[in-house]
Amino acid sequence: SQVNFEEESQNPPAVGHWKPLMPSKGDKEEPESGCQDAGGVPEPQSTEQLNVSRLRSSSVEIREKGSEFLRDELHKAQKELKLKDKECERLSKVREQLEQELEELTASLFEEAHKMVREANTKQAAAEKQLREARGKIDMLQAEVTALKTLVITSTPSSPNRELHPQLQSPSKAGFRKGHGRNKSTSSAMVSAASQNAAPEPGSRECKEVDSMLFAEFQAWKESPTLDKSCPFLDRIYREDIGPCLDFTKQELSELVRVAVEQNTLTIEPVASQTVPVGKVAAEDCGGPKKCALSGLPRTCKHRIMLGDSGSYYYISPSCRARITAVCNFFTYIRYIQQGLVRQDVELMYWEVMRLRREMSLAKLGFYPSEM
């Protein structure tokens, strides 16, 4: 027909040319023709082109489906990654919280440990203080028991101790107490404390009146007894009694004697009790049985003193011995007051101190018992 002829004229058959099997991207598929003109391409070639077109459409469809599948998988992976990030963030917060709790727990444990150590140290210090106080009380009680035993042993009904019972002494000797042989003995102060309660001699008319200033100083010292000479009570006694009583001609030896009396390291013993090695006597200016080492005067020396553990002895006259003994008796008594061994009224203790001061005053003036 005329239509077929126009189509053939527009698309003449390519005789002697190859038509490419795979069309370019810009080419469009031509609609299939139900009939072929007499000079057209054979039918197998059309079938092959149809198959290629189908393959192209299938590959495009597969590519689109693959792209869609990959997009879905990408979305899924992104969602899972977000979930993982959230989980990691949650776990990080949990870890930080656990670390903070661990630090707080460690700090609380260390604080509790330090607190327990402080409490243990406090309890230990308190226990040690109680132990020291208990030992001090034990030593005090032992000293008191020893002193009482000494008093009991040295005074029996068959042979009474005349120092404990002044009423047994003669009137001429009642005013003086026999000095102790060794200052470290505990009997001297206890004898002083016992003699103050003894009955006065018949015919004695001695009157006493308490000096308010001296009594106030003694009361203040008694509240907190000490051997520190800076307190008003001891400062007055040092100035008025102890200093003058121990002020001998030999100043250097006098100072050594005063220090030994204060430290309770002075020993007094009779000359006949021991024989001193000649070497020691010759090495020191110790005087001798006929010369007093403290006064430097020729006197008959019945006693000698040793200062501490020096091993050197110094011969002293009866007058010097009386002065040293009076000071030793005073220090022994106030030491017993400080240790709590004297169980008496404050006024009675005050009068005993005054009596000891009177003994020092008499001794420094040269009065001493004849038996010295």
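Structural data are supplied above this passage.
Definitions and limits used
- Residues numbered from 1 in each chain as written.
- Predicted model: local features only at pLDDT ≥ 70, side-chain atom pairs only at ≥ 80, totals over all residues.
- Heavy atoms only, no water.
- Helix = DSSP H or I, 4+ residues; strand = E, 2+ residues; numbered from the N terminus.
- Buried < 20%, exposed > 50% of the residue type's maximum accessible area, 1.4 Å probe, protein only.
- Contact = heavy atoms within 4.5 Å.
- Areas by Shrake-Rupley, 256 points an atom, 1.4 Å probe, with all protein chains shown as cover.
- Expected span 1.5 Å × (residues − 1).
- Arc of directions from axis to C-beta.
- Patch = residues over 30% accessible without salt bridge, like charges linked within 9 Å, V, L, I, M, F, W, Y side chains within 5 Å.
- Salt bridge = Lys/Arg side-chain N within 4 Å of Asp/Glu carboxyl O.
- Lys, Arg positive; Asp, Glu negative; His and termini not counted.
- Charge placed at Lys NZ, Arg CZ, Asp CG, Glu CD.
- Core = buried A, V, L, I, M, F, W, Y, C linked by side-chain atoms within 4.5 Å.
- Axes fitted to C-alpha atoms, helices over the stretch in contact; angles between N-to-C directions.
- Parallel < 35°, antiparallel > 145°, perpendicular 65-115°, else oblique.
- Left-handed = near helix turned anticlockwise from the far one by under 90°.
- Nonpolar A, V, L, I, M, F, W, Y, C, P; charged D, E, K, R; others polar.
- Pairing = 2+ DSSP bridges.

S.K.: Looking at this structure, how should I read the overall build of the protein chain?
M.R.: Within the protein chain one finds nine helices and three strands. Starting at the N terminus and walking to the C terminus, you meet the elements of the protein chain as α-α-α-α-α-α-β-α-β-β-α-α. When burial is assessed residue by residue, the protein chain has 28% of its 372 residues classed as buried. Sequence separation of at least 24 residues holds for 71% of the intrachain contacts in the protein chain that already meet a minimum separation of 6. Total accessible area computed for the protein chain in this model is approximately 25,500 Å², and 56% of it derives from carbon and sulfur atoms.

S.K.: When you look at helix α6 (residues 251–262) in this model, what are you seeing that I'm missing?
M.R.: Working note: α-helix, 3.6 residues per turn, so residues spaced by three or four point in the same direction. The terminal C-alpha atoms of α6 lie 17 Å apart, and with 12 residues this matches the ideal 16 Å at 1.5 Å per residue to within 8%. Buried residues of α6: Leu253, Ser254, Val257, Arg258, Ala260 and Val261, and no others. Buried residues of α6, viewed axially, fall in a sector of 165 degrees; they line one side. Residues of α6 that are exposed and point over 90 degrees away from its buried face: Gln251 and Glu252. Against the buried residues of α6 lie β1 (266–270), β2 (303–307), β3 (313–316) and α8 (318–338). Of the residues flanking the end of α6, it is asparagine 264, one or two places downstream, whose phi is positive at about 60 degrees.

S.K.: Before we go on, may I ask you to explain a positive patch on the surface in this structure?
M.R.: Side chains of Lys76, Lys79, Lys82 and Lys86 sit close together on the surface and give a patch of like positive charge. Its place among the elements puts lysine 76 in helix α2 (residues 43–154).

S.K.: How should I be thinking about the pattern of salt bridges in this particular structure?
M.R.: Side chains that differ in charge, positive against negative, can pair when their charged atoms come close. If you walk through the whole model with that rule in mind, you get 15 salt bridges. Arginine 236 is paired through a salt bridge with glutamate 240; the nearest N and O atoms lie 3.3 Å apart. Within this pair, arginine 236 and its partner glutamate 240 are both found in helix α5 (residues 232–245), separated by four residues, close to a single helical turn. The partner of arginine 304 in a salt bridge is glutamate 269, with the nearest N and O atoms 2.9 Å apart. Of this pair, arginine 304 sits in strand β2 while glutamate 269 sits in strand β1, placing them 35 residues apart in sequence. Residue classification places arginine 304 among the buried positions, given a relative accessible area of 0%. Linked through salt bridges whose partners overlap, the residues forming this network are Glu217, Arg236, Glu240, Asp241 and Arg357.

S.K.: Looking at this structure, how should I read the nonpolar core?
M.R.: Buried together is how nonpolar side chains tend to be arranged in soluble globular proteins. By size, the foremost hydrophobic cluster in this structure holds 51 residues, and its most contacted members are Ile242, Leu266, Leu294, Ile305, Ile324 and Phe330. Of all the secondary structure elements, the ones that give two or more residues to this core are α4 (212–223), α5, α6, β1, β2, β3, α8 and α9 (346–364). With 11 residues, the top contributor of residues to this core is α8.

S.K.: For this particular structure, what's the right way to read the packing of α6 against α8?
M.R.: Two quantities define a packed helix pair, namely the angle between the helix axes and the distance between the axes. Close contact between α6 and α8 brings their axes to 10 Å; oriented N to C, the two are set at 25 degrees. The angle between α6 and α8 falls in the class roughly parallel. The handedness of the crossing between α6 and α8 comes out as right-handed. Of the residues in α8, those touching α6 at Val257, Val261 and Glu262 are Ile324, Val327, Cys328, Phe331 and Arg335. Each residue belonging to the contact of α6 with α8 can be placed in one class, and the counts come to six nonpolar, no polar and two charged.

S.K.: Could you clarify how one ought to interpret the side chain of arginine 357 in this entry?
M.R.: As for its position among the elements, arginine 357 is in helix α9. Of the residues examined, arginine 357 reaches a relative accessible area of 9% and is grouped as buried.

S.K.: Quick question: what am I supposed to make of the pairing of β2 here?
M.R.: Each regular strand displays side chains that alternate between the two surfaces of the sheet. Taken across its five residues, β2 has five buried, putting it largely inside the fold. Sheet analysis places β1 next to β2, joined by five bridges and oriented antiparallel. For glutamate 269, the partnering residue across the bridge sits in β2 and is arginine 304. For β2 and β3, the ladder comprises four bridges, and the chain directions are antiparallel. Residue pairing for β3: isoleucine 305 is matched across the bridge by tyrosine 314. Between the end of β2 and the start of β3, which pair antiparallel, lie five residues, with glycine 308 showing a positive phi angle near 70 degrees.

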